[in-house]
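The residues making up each chain are set out below.
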Amino acid sequence: MAVAERVAPAATAPPPAAVPERSPWPRRFVWVAGIAALLVVGLRFAPGFPDRFVLGVGSVFDGIDTWVIDNQRTHWLFTGLLNPLKDAIQATVDGLVTLLSRMTWVGLVTTAGALAGLVAGWRMGLLAAAGVASFGVLGVWERSLQTFALVAISVVISLAIGVPLGIWAGRRAGVDRALRPFLDAMQTIPAYSYLLPFVLFLGTGYPPALAATVVFALPPAVRLTALGVRSVPATTLEVATSFGSTSRQVLRKVQLPMATPSIMLGVNQTIMMALGMVVIAAVVAAEGLGREVLDALKLLRVGAAFNAGLAIVIMAIVLDRVTTAWSCRERERRGRATRIAGRTVSRRALVVAAVAASAIGVLVGREVIRQQEWPESLTFSVAAPVDAIVEWSQRNLGDAAEAIGAALTAGLLDPLRTLLTREPWWVIAALAALAGWKVKGPRLAVFSFVCVFLLGALGTWNLSMHTLSIVLVAVVLSLVVAIPVGILASRSDAVDRAIKPLLDAMQTMPAFVYLVPVLLLFSIGTPVPAVIASVVYALPVGIRLTNLGIRQVPATIVEAAEAYGATSTQRLRKVELPLARPSILLGVNQTIMMVLSVVIIGGMIGAGGLGFEALVALSKKRIGQGVVVGLSILLLAIVLDRITQAMGSAPRSLRGPVGLSGMGRWPKLRAIRGSVSSERTDGTNGKGEA
Amino acid sequence: MGDPTVSCRNLWKVYGPRPERVVGSAEADLPRAELLERTGCVVAVRDVSFDVAPGEVFVVMGLSGSGKSTLVRMINRIHEPTAGTVLIDGEDLRACDEEQLREIRRRKISMVFQHFGLLPHRRIVDNVAFGLEIQGVEKADRLAIAERVLEKVGLAGWGNAYPEELSGGMQQRVGLARALANDPEILLFDEPFSALDPLIRRDMQDEVLSLQRDLKKTMIFITHDLAEALKLGDRIAIMKDGRFVQVGTPEEVVAHPADDYVADFTRDVPRAHVLTARAIMRPVNGEAPLDGPTVRTDTLVQALIPIVADADRTIRVVDDDRVVGVVDRTDVMRALVEEA
């Protein structure tokens, strides 16, 4: 009976035409073989890009150079706009530095502690005071003040532009759409590529550094403000409207308060981005810690570079933790009075106390101790010990590192670079087009092909291929480490907990910081240090997104797999990894973009390629060369970004609600990092709304 | 009853490009998919007219997608009607400029929302005072009013809490309090209790009924729950595909469904709880002798059952001491059996 029943449906409805069982292997094999054949065939043709297609883009811009020099003192553009702007920036930063130094070191330490304590709690107050004091201890007091002044003013300007723009974009979808491509571009382009125009029009020093920093730090302020305003639920807006709110009332009483956590995250992000520009700022001769790092690196004084780098890291950590704690407290406290030692203290009393403490600190510093600068006797530079470590490790580990470096060079870097430069340009362009076609369609294929062609047409073919080869090697190495670690972290809460603080710390540090310790071991002059540094720099994002993707797999689906008796490996391979794919691919995209940014900076420590060329153009003020290199970096970044973003374009869960799609390197990571805490807020909001 | 407080005439709401051309056209009667394909438009509300008297509870019942939420939002013009008129106390809402419209929203109409719509960043008391704050009422005054209203909805002492600290039922009490704080003439309810569990929902319905006895507001209440509609409504409108298919008292809807759609809805209603003697009585045509027990016209069938069981004579149905009809055991039985 049971058998008959089971047979019956088959009898009535014949099975559909059997789908031939096809393993993916033959198809993949065809692809691999096809690409290999293309590469082999390519080797028979002239390598690189033919000179006759190279456009003289550079020489066009060289004219601008002389024009600027000739007209700097006469043309209205300079006399009426740029020169006053330049002077104003210079005066403001100088003024702030002077103000800070006149507050004296005692005053600054107390003020930093009191302010941080006021907004973020006494622990953060102590952290801030200790942080400021450490600038003195490390013997980089004045440099730190300069860096802080530059960062502070850049952040204020970025926020003054970014927050209103973000509010506007959050309220009007049209504005948002119009702004998006600009913000995308600002975040994808490595800062190097737009430094030169700023130098040309604003000279050297603080003005171009500030302008470049604002460009770099503006996008997260706009994006996160817009995201916050936009995420206010439609019902809540309806509520406000139904009670007769004016548009202004809706903004002031509903949208802004509800967007505050997101805006605070934007402030935090803007600060971190601005700090990430410190060394780049030094490239255009702005004073500060970056200058110290750069000068030391040029002279191969690793210890001194490390010393100044440490100060930047401390500044980053203090600002990050204080602003994060501030926004968390704002959310929790919501205007309630603070309790200290069991007694309720009003907010006003705290403000008075903080101001009083700062004032006393400044007074003591000016009138009692009478010393602006941090006392020489209290300094302890880590340069000497670090140099000792460098020497020691070079003596003892140098050979091993040398061997690793040599293996990396001989085994991966050199062959890949040789291959990429030996191939004719059209093979590379065809491969890019193929990739574009496969992940998205004909439009991306054409776009990729044209971009690669333009790389050649700009005349930077070999440099670009050189940079590309380093990027590819670093990306592969980074992913080889990151994905397994991410899987491990997703499977074990203990591992997750253990690496979380480490990843947090790694993500707080500006990219170039990784270059310094790497130089301890690997010799300058090869791309190896840049590869290692970029691998390390990009690791957290790969680990995080793999981990996040797997952890986001709905529990019911995992349960279903287990109910059918899947082993742990089967669960991973058949359920978790496929579902985590979008998130992991986003990780690949982010890894590539981060690696690219470090490899470009790595130009200054011997990685060569486009980064080095950009540095040369900047230092020699060759505008044409600078523009060409800048455009090349831009093209490379765009092609890599578009193709890898299309690969992972499915993850609605990641891109839509959290708004990650268009965010650049850092904010994306941060948004993900923040998503853990914002899940909680969303949860409560959800409870409030649902 | 006097002039209606809310009066809607030929209201249309069409979404899509150039929606005006669909209004009243032959195309408007096409099936949804075909209309969408031909014009790119979707009709949410079509040609709806109704009056709500002062102090009346008018319930609009329909399934999701029937257009009821759109309809209620046209009464305070959060959604702009495509065609038709809305009169609030005789004032044409669609003729109002921004300023006048805001004034009406601030003083005359308040709304209670399905998902409560509380502002998570404000204390309960500030949520309740929101409408007053928007009107520009002084802080001390509005907080005092808010505390009073909170007491009225049974949340005295919760003013300093935040929405997330309250249960769903309590949150909706806050939503109710917020609407009452403005002391509006008209209350709009957009499926206010559908997110609550059944017991809490019943409490809230009772709360609304008791508030209604005290305050005599004009209410327009949207729901997808027929039992809720029958319990709360003085009159019920059944809505389907943007149209009112039937408007009537709960009893009329249950006793005389206008079409199969309504009948389908009302089939499971325990009729004895809704129908009254008036609905099942027969006219008096010379039957003798008329000396049985008397009941009032609004006696529920439920209450009639023991009476007909005990009496062996035909029961007289009276309205103001005048006999208007008769009921006997068979009538009651039939009314109950039709339930199935």
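That block above? That's the structure.
Residues numbered from 1 in each chain as written. Chains lettered and ligands numbered in written order. Predicted model: local features only at pLDDT ≥ 70, side-chain atom pairs only at ≥ 80, totals over all residues. Heavy atoms only, no water.

A. Spotlight on the overall build of chain A. A count of helices and strands for chain A gives 30 helices and two strands. The proportion of buried residues among the 690 residues of chain A is 52%. Residue pairs at least 24 apart in sequence account for 81% of intrachain contacts in chain A once pairs closer than 6 positions are excluded. (Helix = DSSP H or I, 4+ residues; strand = E, 2+ residues; numbered from the N terminus. Buried < 20%, exposed > 50% of the residue type's maximum accessible area, 1.4 Å probe, protein only. Contact = heavy atoms within 4.5 Å.)

B. Broad picture of the nonpolar core. Grouped together as the largest cluster of nonpolar side chains are 177 residues, with contacts concentrated most on Val93(A), Tyr192(A) and Met604(A). If you tally residues by element for this core, the top one is helix 10 (residues 206-230) of chain A, at 14 residues. Grouped together as the second largest cluster of nonpolar side chains are 60 residues, Val112(B), Leu118(B), Leu166(B) and Leu232(B) included. (Core = buried A, V, L, I, M, F, W, Y, C linked by side-chain atoms within 4.5 Å.)

C. Geometry of the side chain of Ser534(A). All names here are of chain A. Its location among the elements puts Ser534 in helix 24 (residues 528-551). According to the relative accessible area criterion, Ser534 is buried, its value standing at 0%. Apart from the residues within four sequence positions on either side, Ser534 is in contact with Ala474, Val595, Val598 and Val599.

D. Broad picture of the interface of chain A and chain B. On the side of chain B, 30 residues touch chain A, which itself brings 24 residues to the contact. Overall, the association of chain A and chain B removes approximately 2500 Å² of surface from exposure, summing both partners, and the carbon and sulfur fraction of that is 57%. On the surface where chain A and chain B come into contact, there are two salt bridges. The residue Lys253(A) makes a salt bridge to Glu133(B) at a minimum N-O spacing of 2.6 Å. Taken together, the elements giving at least two residues each to the side of chain A that touches chain B come down to helix 11 (234-242), helix 12 (247-276) and helix 30 (665-689) of chain A. Split by residue class, the side of chain A that touches chain B holds seven nonpolar, eleven polar and six charged. (Buried area = accessible area lost by both parts, 1.4 Å probe. Salt bridge = Lys/Arg side-chain N within 4 Å of Asp/Glu carboxyl O. Nonpolar A, V, L, I, M, F, W, Y, C, P; charged D, E, K, R; others polar.)

E. Structural detail: the pattern of salt bridges. All names here are of chain A. Enumeration according to the criterion identifies 37 salt bridges over all chains in this entry. Here Glu287 makes a salt bridge to Arg143, at a shortest N to O gap of 2.7 Å. Of the two residues, Glu287 sits in the loop between helix 13 (278-283) and helix 14 (289-298) while Arg143 sits in helix 7 (residues 141-171), which places them 144 residues apart along the sequence. A salt bridge links Arg551 to Asp493; its shortest N-O distance comes to 2.9 Å. Of this pair, Arg551 sits in helix 24 while Asp493 is found in helix 22 (residues 493-508), placing the two residues 58 residues apart along the sequence. Accessibility expressed as a relative area gives 46% for Asp493, which makes it partly exposed. Salt bridges linked by common partners bring Arg143, Glu287, Arg291, Glu292 and Asp295 together as one network.

F. Structural view of the pairing of strand 9 (residues 235-240) of chain B. Residue and element names in this part refer to chain B. One ladder, built from five bridges, connects strand 3 (residues 57-62) with strand 9; its direction is parallel. Across the sheet, Val59 pairs through a bridge with Ile236, a residue of strand 9. Inspection of the sheet shows strand 9 paired to strand 10 (residues 243-248) by five bridges, in the antiparallel sense. Looking at the pairing, Met239 lines up with Phe244 of strand 10. Hairpin connection between strand 9 and strand 10: a loop of two residues separates the two successive antiparallel strands, and Asp241 in this loop has a positive phi of roughly 50 degrees. (Pairing = 2+ DSSP bridges.)

G. Fine view of the environment of Val175(A). Residues and elements named next belong to chain A. By the element assignment, Val175 lies in helix 8 (residues 173-188). For Val175, a relative accessible area of 12% corresponds to the buried category. It is 28 Å that separates the C-alpha atoms of Val175 and Ser448, two residues lying 273 residues apart in sequence. When residues no more than four places from it in sequence are discounted, the contact partners of Val175 are Trp168 and Ala169.

H. Local environment of the sheet that holds strand 12 (residues 315-319) of chain B. Residue and element names in this part refer to chain B. Taken in spatial order, the three strands line up as 11-12-13 in an open sheet, and their pairing is mixed. Where the open sheet ends on each side, the last strands, each with one partner, are strand 11 (294-296) and strand 13 (322-327). Strand-to-strand twist of the sheet, defined as the mean angle between neighbouring strand axes without regard to direction, takes the value 40 degrees. Of the strand pairs in this sheet, strand 11 and strand 12 are connected by three bridges, and their pairing is parallel. Pairing of Thr294 across the sheet is with Arg316, part of strand 12. (Axes fitted to C-alpha atoms, helices over the stretch in contact; angles between N-to-C directions.)

I. Broad picture of the environment of Ser393(A). Residues and elements named next belong to chain A. As for its position among the elements, Ser393 is in helix 17 (residues 383-396). Residue class for Ser393 comes out buried when judged on its relative accessible area of 6%. Considering only alpha carbons, one finds Ser393 and Thr225, 168 residues apart in sequence, at a separation of 47 Å. At a separation of 3.1 Å, a polar atom in the side chain of Ser393 contacts the main-chain carbonyl oxygen of Val390. (Polar contact = N/O pair within 3.5 Å; in protein donor to acceptor, adjacent residues only side chain to side chain.)

J. Quick look at the side chain of Arg178(B). Relative to the helices and strands, Arg178(B) is located in helix 7 (residues 168-181). By relative accessible area, Arg178(B) is classed as buried at 1%. Excluding residues that lie within four positions of it along the chain, Arg178(B) makes contacts with Val239(A), Phe243(A), Phe113(B), Phe116(B), Gly117(B), Leu118(B), Asn127(B), Val128(B) and Phe130(B).

K. Representation of the packing of helix 7 of chain A against helix 14 of chain A. All names here are of chain A. Packing of helix 7 against helix 14 leaves a shortest axis separation of 7 Å and a crossing angle of 120 degrees. Viewed along their axes, helix 7 and helix 14 adopt a mutual orientation that is oblique. Each of Arg143, Ser144 and Thr147 in helix 7 lies in contact with helix 14, whose residues at this interface are Leu289, Gly290, Arg291 and Glu292. Across the contact of helix 7 with helix 14, the residue classes break down as one nonpolar, three polar and three charged. (Parallel < 35°, antiparallel > 145°, perpendicular 65-115°, else oblique.)

L. Structural view of the sheet that holds strand 7 (residues 186-190) of chain B. Residue and element names in this part refer to chain B. A sheet is described by the order of its strands in space; here six strands give the open sequence 6-7-8-3-9-10, paired in mixed fashion. Each having just a single partner strand, strand 6 (109-112) and strand 10 make up the two edges of the open sheet. Each strand of the sheet is rotated relative to its neighbour by a mean of 15 degrees, with strand direction disregarded. Pairing analysis gives five bridges linking strand 7 to strand 8 (residues 218-223), with the strands arranged parallel. Within strand 8, the residue paired with Phe189 across the bridge is Phe221.

M. A nonpolar patch on the surface, seen in detail. On the surface, Trp31(A), Val32(A) and Leu434(A) cluster together into a nonpolar patch covering about 260 Å² of accessible area. Within the fold, Leu434(A) resides in helix 19 (residues 425-439). (Patch = residues over 30% accessible without salt bridge, like charges linked within 9 Å, V, L, I, M, F, W, Y side chains within 5 Å. Areas by Shrake-Rupley, 256 points an atom, 1.4 Å probe, with all protein chains shown as cover.)

N. The state of the cysteines, seen in detail. Enumeration according to the criterion identifies zero disulfides over all chains in this entry. Cys96(B) carries a free sulfur, and the closest cysteine sulfur to it, the one in Cys8(B), is 13 Å from it. (Disulfide = S-S within 2.5 Å.)

O. Structural view of helix 19 of chain A. All names here are of chain A. Here helix 19 is 15 residues long and its end C-alpha atoms lie 21 Å apart, about the 21 Å a rise of 1.5 Å per residue gives. Among all positions in helix 19, only Trp425, Val427, Ile428, Ala429, Ala432, Ala433 and Gly436 are buried. A positive phi of about 155 degrees marks Gly441, the residue just after helix 19. (Expected span 1.5 Å × (residues − 1).)

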